[in-house]
Amino acid sequence: MDGDSYSASERFVSPAYVRQGREARRSHEQAIRHLLEQGKCPKDPWDESTIELFLQELAVMDSNNFLANCGVGEREGRVVSGMVARRNYRLIHGIGRSGDIAAVQPKAAGSSLLNKLTNSIVLDIIKMAGVRTATSCFVVPMATGMSLTLCFLTLRHKRPKAKYIIWPRIDQKSCFKSMITAGFEPVVIENVLEGDELRTDLNAVEFKIKELGAENILCLHSTTSCFAPRVPDRLEELSLICDKYEIPHIVNNAYGVQSSKCMHLIQQGARVGRIDAFVQSLDKNFMVPVGGAVIAGFNEAFVQEISKMYPGRASASPSLDVLITLLSLGASGYKNLLKERKEIFEYLSNELKTLAKSANERLLETPHNPISLAFSLTSDANGTSLTQLGSMLFTRQVSGARVVPLGVCQTINGYIFEGFMSHSINYPCAYLNAASAIGIKKQDVDMFIKRLDKCLRLCRKEKHLSKEEDGCDQQTTKEDVSELTQDLRDILQVKTTTQQLPT
C-alpha cells in the first residue's frame, strides 16, 4: 500500500497500529531496495514473506497481470491452470526476446528485472566462490551439455574454418555429445596415469594442435569437476597453450562452483593464459531442479554474443529457482554450505580409508580431486560380481555411488571408448566412486559406509558359499542358519533386481 492507503486505513484501525504495520512493511521494502541498489546476494538470508512479497511486486509489472490488460496477440501470458500460475508466481512471459535471451521484454518488465537481477546475483556468487575477475554471466534454461553446445556454436562464427575440438578425455556422455551436436569433430586426448590419478597429457594436446593446425581447431574443451581417479585438467598449462596458439578455451565446470580448488584453477587459468567461457550446472551447485546452467566469462562482449546465439525467448523457471534459493540462503548461508561440504569430504575420505583397510582394499590416492573419491575393488574384479555390488547398493537406496568395472567398451556417436567410465583405456583396477557434493550431511556418509560394508560382506560371503558343499555341519547353530537365510534372500533379491534394471 502507498501512503494514501495507509492514511485511509486509519479510519478503521487505530493510527498507532497502522504506523506499526507500516514500519514492518518498510523493513521488507528496505531489503528489496538494498538488493536492487547493490545487485549482489544479500549477506543474510531473507525470510519467505519478503521473498514472496518481492516476487509479487515483480509479477504485477508484467502485462498478463495488468487489471485492464487487453491482449490480442499470439503470446499474451495466458495460463488456464491456477495451479500452474501459482507455481510460477504468475511470472509467465519468460525471459528475453526472439533475438536475445538477455533482452528486456516490453510486456514483461517484472520478468526482465528478475532475469537481470538473477544474473547479477549469480555473478556475485561466482566471484565469492573464487573466480574474482569474472566480468559477466547469464542463466540459461538448458543443462550443462546444451549450454556447452551454445558456446561452441558461438565460436563457429569467429572461426568458420575450424572443424576440430581438442578434448582431454572424460567419460561423461553429455559433454562429449555437446561437441557432436554442435557439428564438430572431437579430438580425444587420452589421460596419463600419475600414481592413481589420471591427469592431462599436455604434450599430446600440443602435438595435436601442431598436427591439425591451430586455424582448424575451434577450441580446447577442458574439465574441472570430474569423477575420481580422473582429476581436474591442468587449466593453467592448458590456458597458456591456448594463448600461445590463439585458440579459444571453453571450460566444463559442471559442479565446480562448490569447490574452491576448481574455481581457483579457473581464476589462475584466466590470469596466466586464456579462458573464454566456463559453464556450470544450476542443480549441482545451487540445489535447484535440473534444467539450468550458468555461462560465465572474462570478456563481457563474448558472453553477450553467446546469449544472443540462443534462439527465441526462454523459460524463467531456472532463473526464478536460483534467485529464490540464493535469497533464502544469503551469501552467509551459501558460504556455510561450501564449508560444510569440504569438511564432509575429509570425513568421507577417512571413513572410506578405514573401510578399505578392513576389506583388503584401498582408497585410491587422488589428492587433486576435491569432490570425488575412488575405492578400489580388486578382490572380485570380474564384471558379474561388480554389477552385483552396484545392484546391492541400488536396492539399499544408495544413490550416486558408481561401480566402475574393467574392460567396458562403449560407442557414442560412432566413437569407441575402451575402458568406458574409467576415463582411460587400461586403468589398473576396478573401483567404486563416492562424492561429497554440496548439501551432503554427516548422516549420509554414515549410512553409506554402513550399507557399503554390508554389501561388501555379502559379496564375499556369496563367493565363499558358492565353493562350499550343500548342507550344514554339526557345528552350525540356529543363528548361523537364520543369518545365512537372510543373506541368501538379499543375494536373490539383488540378482532379480539386476535382471530388471535398465541397461
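Worth saying up front: this structure is predicted, and the values here are computed from it rather than measured. (Residues numbered from 1 in each chain as written. Predicted model: local features only at pLDDT ≥ 70, side-chain atom pairs only at ≥ 80, totals over all residues. Heavy atoms only, no water.)

Draft legend 1. Summary view of the overall build of the protein. Broken down by element type, the protein carries 16 helices and 14 strands. Reported as C-alpha extents along the three principal axes, the dimensions of the protein are approximately 95 × 65 × 40 Å. Burial statistics for the protein: of 503 residues in total, 50% are counted as buried. Look at the contacts in the protein between residues 6 or more apart in sequence, and 72% of them connect residues 24 or more apart. Carbon and sulfur atoms make up 52% of the accessible area of the protein, which totals about 24400 Å². (Helix = DSSP H or I, 4+ residues; strand = E, 2+ residues; numbered from the N terminus. Buried < 20%, exposed > 50% of the residue type's maximum accessible area, 1.4 Å probe, protein only. Contact = heavy atoms within 4.5 Å. Areas by Shrake-Rupley, 256 points an atom, 1.4 Å probe, with all protein chains shown as cover.)

Draft legend 2. Representation of the pairing of strand 1 (residues 136–140) in the model. Most of strand 1 is tucked away: 5 of the 5 residues are buried. Residues Ser136, Phe138 and Val140 point to one face of strand 1 and Cys137 and Val139 to the other, with burial holding for every one of them. Here 5 bridges tie strand 1 to strand 9 (residues 293–297), and the two strands are oriented antiparallel to one another. Paired with phenylalanine 138 across the strands is isoleucine 295, a residue of strand 9. (Pairing = 2+ DSSP bridges.)

Draft legend 3. The arrangement of the sheet that holds strand 10 (residues 372–376) in detail. If you walk across this open sheet you meet the 3 strands as 10-14-11, and the pairing is antiparallel. The open sheet has two edge strands, strand 10 and strand 11 (402–404), and neither has a second partner. The average undirected angle you get between the axes of adjacent strands in this sheet is 25°. Here 5 bridges tie strand 10 to strand 14 (residues 431–435), and the two strands are oriented antiparallel to one another. Across the sheet, the residue bridging to leucine 373 is alanine 434, located in strand 14. The strands that helix 13 (residues 317–358) touches are strand 10 and strand 14; relative to strand 10, the one it contacts most, it runs at about 0°. (Axes fitted to C-alpha atoms, helices over the stretch in contact; angles between N-to-C directions.)

Draft legend 4. View of the nonpolar core. Grouped together as the largest cluster of nonpolar side chains are 47 residues, with contacts concentrated most on Phe54, Ile126, Phe278, Phe286 and Leu326. Looking at this core element by element, the count peaks at 9 residues for helix 13. With near-sequence residues (within four places) excluded, isoleucine 126 lies in contact with Val131, Ala134, Cys137, Met263, Phe278, Gln280, Val294 and Ala296. (Core = buried A, V, L, I, M, F, W, Y, C linked by side-chain atoms within 4.5 Å.)

Draft legend 5. Layout of the sheet that holds strand 3 (residues 185–189). Overall, mixed pairing links the 7 strands, which are arranged 1-9-8-7-6-2-3 in an open sheet. Edge positions in the sheet fall to strand 1 and strand 3, since each has one partner strand and no second. Mean inter-strand twist for the sheet, computed between neighbouring axes without regard to direction, equals 20°. Alignment of strand 2 (residues 164–168) against strand 3, held across 5 bridges, turns out to be parallel.

Draft legend 6. Highlighting the pattern of salt bridges. One pass over the structure, following the stated rule, counts 17 salt bridges. Of the charged contacts, one joins glutamate 194 and arginine 234 as a salt bridge, the two residues approaching to 2.8 Å between their closest N and O atoms. With glutamate 194 in strand 4 (residues 192–194) and arginine 234 in the loop between strand 6 (217–223) and helix 9 (235–245), the pair connects residues that are 40 residues apart, well separated along the chain. The exposure class of arginine 234 is buried, given its relative accessible area of 17%. Bridged by salt links that share partners, the residues Arg25, Glu29 and Glu57 form one connected network. (Salt bridge = Lys/Arg side-chain N within 4 Å of Asp/Glu carboxyl O.)

Draft legend 7. Structural context of the packing of helix 6 (residues 144–158) against helix 12 (residues 300–309). Their axes nearest at 9 Å, the elements helix 6 and helix 12 cross at an angle of 110°. Between helix 6 and helix 12, the interaxial angle falls into the category roughly perpendicular. On helix 12, the residues touching Leu150, Cys151, Leu153, Thr154, Leu155, His157 and Lys158 of helix 6 are Phe302, Glu305, Ile306 and Met309. Residue classes in the contact of helix 6 with helix 12 are distributed as 7 nonpolar, 2 polar and 2 charged. (Parallel < 35°, antiparallel > 145°, perpendicular 65-115°, else oblique. Nonpolar A, V, L, I, M, F, W, Y, C, P; charged D, E, K, R; others polar.)

Draft legend 8. The arrangement of unusual backbone geometry in detail. Cis geometry is found at the peptide bond from alanine 228 to proline 229, where omega equals 10°. Secondary-structure assignment places proline 229 in the loop between strand 6 and helix 9. The phi dihedral of glutamate 246 falls on the positive side, at around 55°, and the residue is not glycine. Relative to the elements of secondary structure, glutamate 246 occurs in the loop between helix 9 and strand 7 (249–252). The class for glutamate 246 is exposed, based on a relative accessible area of 59%. The backbone phi angle of histidine 423 is positive, close to 65°, even though this residue is not glycine.

Draft legend 9. Region of the structure containing a nonpolar patch on the surface. On the surface, Phe12, Val13 and Tyr17 cluster together into a nonpolar patch covering about 370 Å² of accessible area. Note on placement: valine 13 falls in the loop between helix 1 (3–9) and helix 2 (15–38). (Patch = residues over 30% accessible without salt bridge, like charges linked within 9 Å, V, L, I, M, F, W, Y side chains within 5 Å.)

Draft legend 10. Main features of the packing of aromatic side chains. For the structure on display, the rule yields 9 aromatic pairs. Their ring planes at 50° and their centres at 5.2 Å tell us that tryptophan 167 and phenylalanine 176 sit as a pair that is tilted. Taken as a pair, tryptophan 167 and phenylalanine 176 share a single burial class, namely buried. Judged by centre distance (5.7 Å) and plane angle (80°), the ring pair of tyrosine 427 and tyrosine 431 falls under edge-to-face. (Phe/Tyr/Trp six-rings, centres within 6.5 Å; stacked < 30°, edge-to-face > 60°.)

Draft legend 11. View of the pairing of strand 2. Where burial is concerned, most of strand 2 is hidden: 5 out of the 5 residues are buried. The sheet contact formed by strand 2 and strand 6 spans 3 bridges and is parallel. Of the residues in strand 6, the one forming a bridge with isoleucine 166 is leucine 220.

Draft legend 12. Here's a closer look at the side chain of serine 281. Inspection of the secondary structure assignment puts serine 281 in strand 8 (residues 277–281). A polar contact is formed between the side chain of serine 281 and the backbone nitrogen of lysine 284, at a distance of 3.3 Å. Ignoring any residue separated from it by four or fewer positions in sequence, one finds serine 281 in contact with Thr144, Ala254, Phe286, Gly292 and Ala293. (Polar contact = N/O pair within 3.5 Å; in protein donor to acceptor, adjacent residues only side chain to side chain.)

Draft legend 13. Structural context of the environment of methionine 61. Looking at the secondary structure, you find methionine 61 in the loop between helix 3 (48–59) and helix 4 (82–87). On the accessibility criterion, methionine 61 (36% relative accessible area) is partly exposed. Separated by 30 residues in the primary sequence, methionine 61 and leucine 91 have C-alpha atoms spaced 9.4 Å apart. Methionine 61 has contacts with Phe66, Ala109 and Gly110, leaving out every residue within four places of it along the chain.

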